[in-house]
Protein chains: 2
Amino acid sequence: MKLPKVTSCCTPLLSGRLTVDEATHLAAIFRVLSEPVRLQMLSLIAAQPSREVCACELAEPLGLSQPTVSHHLKLMYEAGLLKRERRGTWIYYQVLPEKLAMLRELLS
Amino acid sequence: MKLPKVTSCCTPLLSGRLTVDEATHLAAIFRVLSEPVRLQMLSLIAAQPSREVCACELAEPLGLSQPTVSHHLKLMYEAGLLKRERRGTWIYYQVLPEKLAMLRELLS
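Residues numbered from 1 in each chain as written. Chains lettered and ligands numbered in written order. Predicted model: local features only at pLDDT ≥ 70, side-chain atom pairs only at ≥ 80, totals over all residues. Heavy atoms only, no water.

By the naming in an unreviewed UniProt entry, chain A is Transcriptional regulator, taken from Chroogloeocystis siderophila 5.2 s.c.1.

Put into structure tokens, the structure is as follows:
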């Protein structure tokens, strides 16, 4: 599932009738956020002084295997919630605050 | 699944580490919002001049059966996204904007 990297879209939920396409797009992002461990990951990434983490640093604090961590990170990247950068062997992730700002706008 | 009717809780996602309980609570609300038809329902309810609808008025515009409509409304009620009031045979639903405000706060 690859969601478009829109950072603004859609009618705010309570100020007009959502189209089917808007509802489908928004629901897909909420589905990505509907796993507790993904929310913990977002929170952990944002809590770093550098605002980024290496994928290799998340497995131990969350008690997950590396493939599981990578799977969740990939889904959040594809939903536009994270950006990523490869450095050598590892991929580093940062939260994309614009996407969360878009969700806040939609929930108004 | 009956979620507590909290209207404020939890650490904002990007300003501290979520606890497991906070992440679980928040993820459960996002799961309720992860069905396009539920978002369309919220939008339809909020778009009414009276800001409420009878459960009987949603089946036709959404092309759903009455039991399906009632199922989705019940889940949104249990998640604290809607309030409801029985009048005679039918139940009327209103959006609870406080819950959406709480989600906006959490996504900051």
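Here the narrative resumes, following the displayed structure.
Some details on the overall build of chain A
Of the regular secondary structure elements, chain A holds five helices and three strands. Starting at the N terminus and walking to the C terminus, you meet the elements of chain A as α-α-β-α-α-β-β-α. Split into buried and exposed, the 108 residues of chain A put 50% on the buried side. Contacts in chain A between residues far apart in sequence, at least 24 positions, make up 58% of those at least 6 positions apart. Carbon and sulfur atoms make up 53% of the accessible area of chain A, which amounts to about 5,000 Å² in all. (Helix = DSSP H or I, 4+ residues; strand = E, 2+ residues; numbered from the N terminus. Buried < 20%, exposed > 50% of the residue type's maximum accessible area, 1.4 Å probe, protein only. Contact = heavy atoms within 4.5 Å. Areas by Shrake-Rupley, 256 points an atom, 1.4 Å probe, with all protein chains shown as cover.)

A few points about the state of the cysteines
All names here are of chain A. Evaluation of the coordinates by the stated rule reveals two disulfides over all chains. One disulfide in the model links cysteine 54 with cysteine 56; its S-S distance is 2.2 Å. The disulfide joining cysteine 54 to cysteine 56 has a torsion of about 130 degrees about its S-S bond and is therefore right-handed. Take cysteine 54: its relative accessible area is 1%, and that puts it in the buried class. (Disulfide = S-S within 2.5 Å.)

Some points on the interface of chain B and chain A
Each partner contributes to the interface: chain B provides 30 residues, whereas chain A provides 30 residues. Buried surface at the junction of chain B and chain A, summed over both partners, amounts to about 2,900 Å²; 69% is from carbon and sulfur atoms. For the pair chain B and chain A, the interface holds two salt bridges. Between Arg31(A) and Glu35(B) there is a salt bridge, and its shortest N-O distance comes to 3.1 Å. Our count for the chain B to chain A interface comes out at eight residue pairs in polar contact (both at pLDDT 80 or more). (Buried area = accessible area lost by both parts, 1.4 Å probe. Salt bridge = Lys/Arg side-chain N within 4 Å of Asp/Glu carboxyl O. Polar contact = N/O pair within 3.5 Å; in protein donor to acceptor, adjacent residues only side chain to side chain.)

Brief notes about helix H2 (residues 36–47) of chain A
All names here are of chain A. With 12 residues, H2 extends 16 Å from end C-alpha to end C-alpha; this agrees with the ideal 16 Å at 1.5 Å per step. The element H2 is largely enclosed, with a buried count of 10 among its 12 residues. Residues of H2 that are buried include every one of Val37, Arg38, Leu39, Gln40, Met41, Leu42, Ser43, Leu44, Ile45 and Ala46, and no others. (Expected span 1.5 Å × (residues − 1).)

Remarks on the packing of helix H1 (residues 20–32) of chain A against helix H2 (residues 36–47) of chain B
Following both chains from N to C, one finds H1(A) and H2(B) inclined at 120 degrees, their axes separated by 8 Å at the closest point. Overall, the two elements H1(A) and H2(B) adopt an arrangement that is oblique. Crossing handedness for the pair H1(A) and H2(B): right-handed. Facing H1(A), whose interface residues are Val20(A), Ala23(A), Thr24(A), Leu26(A), Ala27(A) and Phe30(A), H2(B) presents Pro36(B), Leu39(B) and Gln40(B). Considering only residue class, the contact of H1(A) with H2(B) consists of seven nonpolar, two polar and no charged. (Axes fitted to C-alpha atoms, helices over the stretch in contact; angles between N-to-C directions. Parallel < 35°, antiparallel > 145°, perpendicular 65-115°, else oblique. Left-handed = near helix turned anticlockwise from the far one by under 90°. Nonpolar A, V, L, I, M, F, W, Y, C, P; charged D, E, K, R; others polar.)

Remarks on the nonpolar core
Core analysis: the biggest nonpolar cluster contains 73 residues, and Leu33(A), Leu73(A), Leu103(A), Leu33(B), Leu73(B) and Leu103(B) have the highest contact counts within it. When residues no more than four places from it in sequence are discounted, the contact partners of Leu33(A) are Leu39(A), Leu42(A), Leu81(A), Leu103(A), Ala27(B), Phe30(B) and Leu107(B). (Core = buried A, V, L, I, M, F, W, Y, C linked by side-chain atoms within 4.5 Å.)

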